[in-house]
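Topology and contacts: notes
One-letter residues, chain by chain:
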Amino acid sequence: MQHQNRTPSNHSGSPARSPASPIRPMTGGWSAGITRDMVVLPPIDGFGHKLPQDWALESGHTMATASHATLLSDFQRLQSRKEMINGIRVTMASEAKTMKAFRSKMHQTKNLKAILENTLDKTDYEVGKMQECRERIQTERERVSGNLEVNMDRRQHRAQRPERELVHDVAHKHLDHQTTLLQDIILKLDRCVEEVEDSLDHLNKIKWMLAADLADKNSSLELDNKCVDLGLSWPEGEAPAPELPLAPLNHVPTTWKVQTMQTVELALQQHQEANDLRLKSAKIAHNAKLAEKVQYDVVQQALEKRVGAIMKMKKEMELKVQQVQKEISEATRTKHRLEESISLKTPPLKITWQRYQTRAQRPDRELVHDEVEHALKEQYEALHATVEAMHLQLEQVSQHLKDLLSTKAQMDADIADKTETVEMERQCHAMAPPRPITRGVLLGWHPVSEYHPHRESTISWDTAASTKLMSY
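Quick caveat: nothing in here was measured; it's all calculated off a predicted structure. (Residues numbered from 1 in each chain as written. Predicted model: local features only at pLDDT ≥ 70, side-chain atom pairs only at ≥ 80, totals over all residues. Heavy atoms only, no water.)

Notes on the side chain of Q295
- In this structure, Q295 sits in helix α4 (residues 254–359).
- In contact with Q295, other than residues within four places in its own chain, are H174, H177, Q178 and L181. (Helix = DSSP H or I, 4+ residues; strand = E, 2+ residues; numbered from the N terminus. Contact = heavy atoms within 4.5 Å.)

Notes on the environment of N225
- Along the chain, the position of N225 falls in helix α3 (residues 170–229).
- According to the relative accessible area criterion, N225 is partly exposed, its value standing at 34%.
- On a C-alpha basis, the gap between N225 and R103 in space is 9.2 Å, while along the polypeptide they are 122 residues apart. (Buried < 20%, exposed > 50% of the residue type's maximum accessible area, 1.4 Å probe, protein only.)

Re the packing of helix α2 (residues 52–158) against helix α5 (residues 371–430)
- Where α2 meets α5, the closest approach of the two axes is 10 Å, and the angle between their N-to-C directions is 180°. One way to sum up the angle between α2 and α5 is to call them roughly antiparallel. Packed against α2, whose contacting residues are R154, H157 and R158, the element α5 presents M424, E425, Q427, C428 and H429 at the interface.
- A breakdown of the residues in the contact of α2 with α5 according to their chemical character gives two nonpolar, three polar and three charged. (Axes fitted to C-alpha atoms, helices over the stretch in contact; angles between N-to-C directions. Parallel < 35°, antiparallel > 145°, perpendicular 65-115°, else oblique. Nonpolar A, V, L, I, M, F, W, Y, C, P; charged D, E, K, R; others polar.)

Quick look at the pattern of salt bridges
- As enumerated under the stated definition, the model contains 24 salt bridges in all.
- Among the ionic pairs, R143 bridges to E292, the shortest N-O distance being 2.9 Å. With a gap of 149 residues between them, R143 in helix α2 and E292 in helix α4 connect regions that are remote in the sequence.
- Overall, R143 belongs to the partly exposed group, its relative accessible area being 27%.
- By relative accessible area, which is 4% here, E292 ends up buried.
- Between K408 and D412 there is a salt bridge, with the nearest N and O atoms lying 3.0 Å from each other. Taken as a pair, K408 and D412 lie in helix α5 at a separation of four residues, close to a single helical turn.
- With a relative accessible area of 30%, D412 lands in the partly exposed category. (Salt bridge = Lys/Arg side-chain N within 4 Å of Asp/Glu carboxyl O.)

Structural notes on the nonpolar core
- Within the largest apolar cluster, 20 residues are counted, with the highest numbers of intra-cluster contacts made by M130, I137, V144, I185, L189 and V196.
- Among the secondary structure elements, those contributing two or more residues to this core are α2, α3 and α4.
- The greatest single-element share of this core, amounting to ten residues, is contributed by α3.
- Apart from the residues lying within four places of it in its own chain, the contact partners of I185 are V144, A288 and E292.
- Ranked by size, the runner-up nonpolar core spans eleven residues in total, among them I115, L120, L210 and V264. (Core = buried A, V, L, I, M, F, W, Y, C linked by side-chain atoms within 4.5 Å.)

Remarks on the confidence of the model for the chain
- The predicted model of the chain has a mean per-residue pLDDT of 77, with 76% of residues at 70 or higher.
- In the model of the chain, helix α1 (residues 30–36) stands out as the element of lowest mean pLDDT, 43, in contrast to α3, which has the highest, 91.
- Note on residues 243–247: pLDDT under 50 across the span, and ten contacts to partners over four residues away in sequence or across chains. (pLDDT = per-residue confidence, 0-100.)

Digging into the environment of Q259
- Here Q259 shows up in helix α4.
- Relative accessible area serves as the criterion here: at 52%, Q259 is assigned to the exposed category.
- Considering only alpha carbons, one finds Q259 and D213, 46 residues apart in sequence, at a separation of 9.4 Å.

Considering the environment of H336
- Here H336 is to be found in helix α4.
- Linking H336 and L394, residues 58 residues apart in sequence, is a C-alpha distance of 8.9 Å.

Take a look at the structure:
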């Protein structure tokens, strides 16, 4: 029969093993053990028949192997379940640790963000105050420049006084000092503007750094929130507690926090420097106003004294003119009297001379130097001497009158110059700019109330703010 020539085999088609082959334990899983370690008994004859006891033994062995595979499969399922539970526990612990680290990092980031926002707010405040300081300094410089132009106009106006009144007086000296003072104030204000511009550049740079760091912190918080929202999905009944206690994040790299704090400290340092610069600028403006006020008063007082001195001299000259006018009147009357006297003495003199010439025409024998001729001669000499003396006196009186008239003309011209000078000095006095106001400015330095964000500042130009450093 065909069945007798076939080689006995197991149900899987594997070659038959020798009877002496031992049964090896299954190490590759229950299915692999069944296929690799199945024991096949040899046939007892050429037709493949087996003994009943062998058949029963083989069947029992097969059932034992199946039972062992079943037990091993149960054991493997228990081990897999245990490993899955352990894996879930490890994953839950690591997730809890990760979430704790996320929350701690987010807490630290929020604190730094709050510090950055506060510092950025203060930086905006300082930038605004420095811009206000710059505008005030520029306004002050424009005012001082205007006063300098007025000073030059006043000096030019006084230079147009009459020549005899061009005196290097006290007012001229104080106006020169005022010119020097105003030029020095303008130089100091220009230096203050340069320092304020540098401080504004630094503040804007720090503001940009703080804004960039704050943007990075916001982006980091947003990404961390996304990471927290991407939490693991847990099996039912095995999810971790929603709230985990925050722990200090001691292992954070130092550069992450130090760079931010260094920027904040740099900003606070720049805030203090800006506050000191505002204080310095306010002091310079105040001291400049004080000096300008003092010099203003000195110049105005000098002009007033100059006007008073000119008016006093003018009054004295007017009195002198009146006296000269009186002398002129007296000299004029004297001249008129002398002229009248000369006119009265001239006819007798001519008559005496004519009588003398008439008697000289007598005959030769009658030409005797008698007492009549002697009387006529004495009369003529007396009258002639009197007329000559009166002419001499008339010349003197005329010269004196001429001198008086010349003196009066000079004094009138001098009075006219002084009148013009007084008017010009009064105009120069009126050309003065408004007197600098220093009342209540920088009297008793006191710090302004602590900075409050988003509130109108009460810090004025005259009392610069003192910024308090933030403590972290």
